[in-house]
Amino acid sequence: MIKKFMMPVLYATIIFFLIGCNNNLIKESKSNKPYVIMLSMDGFRWDYPEKTNTPNLDHIEKIGVRVESCVPCFPTKTFPNHYSMATGLYPENHGLIFNRFYATDLGKFYSISNRESVSDSSFYFGEPIWVTAEKQGIRSASYFWVGSEALHDNLFPTYHYDYNGAVPFEDRLDGVIKWLELPEEERPHLILWYMQEPDGIGHYAGPNHPETIEVIEYLDSLVGVFYNKVAELEIAEQVNVIITSDHGMGEISEERTIYFDNYINKEWIEYLDGANPAYSIEAKDKFYDTLYSTLSGINNIHVWKKEEVPARLHFSKNERIKDFVVVADSSWSLLVSSKKKAYSGGTHGYDNRNKDMHAIFYAYGPAFKEDYKRQSINNIDIYSLICEILNLEPAKNDGELANVIPLLN
Ligand code: AMP
Ligand code: ZN
Ligand code: ZN
């Protein structure tokens, strides 16, 4: 029998126990929430791991998911594709049609080397994944993901930096890990981060060169360091990691170079967007037919009137896309001026049917199947995939969750 004078002690014990349970419940429900960390290594071609020694990616393939290739959007360039991965939208719908273009709707030029334009929100349409997350109460962070330097719906990721290619990759990696070590209330559940290799070396030396292979193997070793650091985190078991890229890389040579100015008078042109090997060109009105027939007569390139671009390329429905879309055939270079030196090495931007343009996609963590291989996926489906893992209501997008749901547990 409990003595009367013991009742307050008993009540206090019960209350203490209940509060304790409740706290545990809160802690548990908070700490059970998944994390998604997505890394993009620029220009990491789908088959680099087959041609080089990549033990860390090979390990991730065994414990997680690997798709044969990740298919980029056309044009297979850096900014259009990073922003497609972030929004689930084709470039014709998110507005970043090239790395550099004239935005006819705004009367302004966009260029990735112009800080002002890169951080100007008026160029960007659609809702990037970090905004979807922030709007729904999930903290996000970006270490140099394309588009995260501009406000979208008045939001930035909670943590972000302005791009600075000189920041060592190791520092970026440590920065990501530091975010994951923050106290729960401050910790981001969605982190996107970026390294600009092996794109740089791929352009310079070409996709099959020993120097490129060396960089690929170094990047793989960083993946290994990252994997080990994630494994040591208190929240390791809740972390889902995606390792992907924006496009691949095709071998080019000086002998396979076409110069516009050998065929076309620059007086015919109002605007010229893009860079080797893909462009969109606005003709001065009276030269529309001349420009089209001249472009059509050039060998080893493809030209389409804007309204005749094949539907599979999803590249016509935006006023920023000009009269003609022009792209060199695989392994050919298309340069504006013959005064410019021809390149050898590598490039990208070609039709996304060219498999050299395809990227890698690996993923592991509690949300993903183990030792699971699959055919190619489209990079516009990544937005829906991340929304599904983080339990977010997706914004309107061009992706299809059904295409990627088989990757998940
Ligand atoms: P690409 O011309 O398509 O090969 O573009 C790759 C280049 O984009 C790399 O050399 C990067 O340095 C650059 N880059 C990537 N992210 C950014 C950014 N946020 N701002 C400016 N340049 C960037
Ligand atoms: Zn790129
Ligand atoms: Zn590049």
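All figures in this text were calculated on a predicted structure; none of them were measured in a lab.

Enquirer: So what's going on with the sheet that holds strand S12 (residues 269-275)? Residues and values would help.
Expert: An order of S12-S13-S15-S14 is seen for the four strands of this open sheet, with the pairing classed as antiparallel. Sheet topology places S12 and strand S14 (301-305) at the edges, where each strand pairs with a single neighbour. With direction set aside, neighbouring strand axes in the sheet form an average angle of 20°. The pairing of S12 with strand S13 (residues 278-283) spans six bridges and is classified as antiparallel. Within S13, the position partnered with Leu272 by the bridge is Ile281.

Enquirer: An account of the site of ligand 1 is needed here, citing residue identities and associated values.
Expert: Neighbouring ligand 1 are 14 residues, the closest being Thr78, Asn99, Glu149, Tyr163 and Asp199. One of the side-chain nitrogen or oxygen atoms of Arg115 is found 3.2 Å away from a nitrogen atom of ligand 1. The side chain of Asp199 places a nitrogen or oxygen atom 3.0 Å from an oxygen atom of ligand 1. In isolation ligand 1 offers 510 Å² of accessible surface; the protein chains occlude 81% of this area.

Enquirer: Report on the coordination of the zinc ion (ligand 3), specifying residues and quantitative values.
Expert: Coordination sphere of the zinc ion (ligand 3), protein contribution only: Asp199 (OD), Asp199 (OD), His203 (NE2) and His348 (NE2), at 2.0 to 2.5 Å. The zinc ion (ligand 2) is placed at 4.4 Å from the zinc ion (ligand 3). Residue Asp199 and its partner His203 are both found in helix H9 (residues 199-205); the two are separated by four residues, about one turn of the helix. By relative accessible area, Asp199 is classed as buried at 12%.

The rules behind the values
- Residues numbered from 1 in each chain as written.
- Chains lettered and ligands numbered in written order.
- Predicted model: local features only at pLDDT ≥ 70, side-chain atom pairs only at ≥ 80, totals over all residues.
- Heavy atoms only, no water.
- Pairing = 2+ DSSP bridges.
- Helix = DSSP H or I, 4+ residues; strand = E, 2+ residues; numbered from the N terminus.
- Axes fitted to C-alpha atoms, helices over the stretch in contact; angles between N-to-C directions.
- Near = heavy atom within 4 Å.
- Polar contact = N/O pair within 3.5 Å; in protein donor to acceptor, adjacent residues only side chain to side chain.
- Areas by Shrake-Rupley, 256 points an atom, 1.4 Å probe, with all protein chains shown as cover.
- Donors = N, O, S within 2.8 Å, 3.2 Å for Na, K, Ca; no water.
- Buried < 20%, exposed > 50% of the residue type's maximum accessible area, 1.4 Å probe, protein only.

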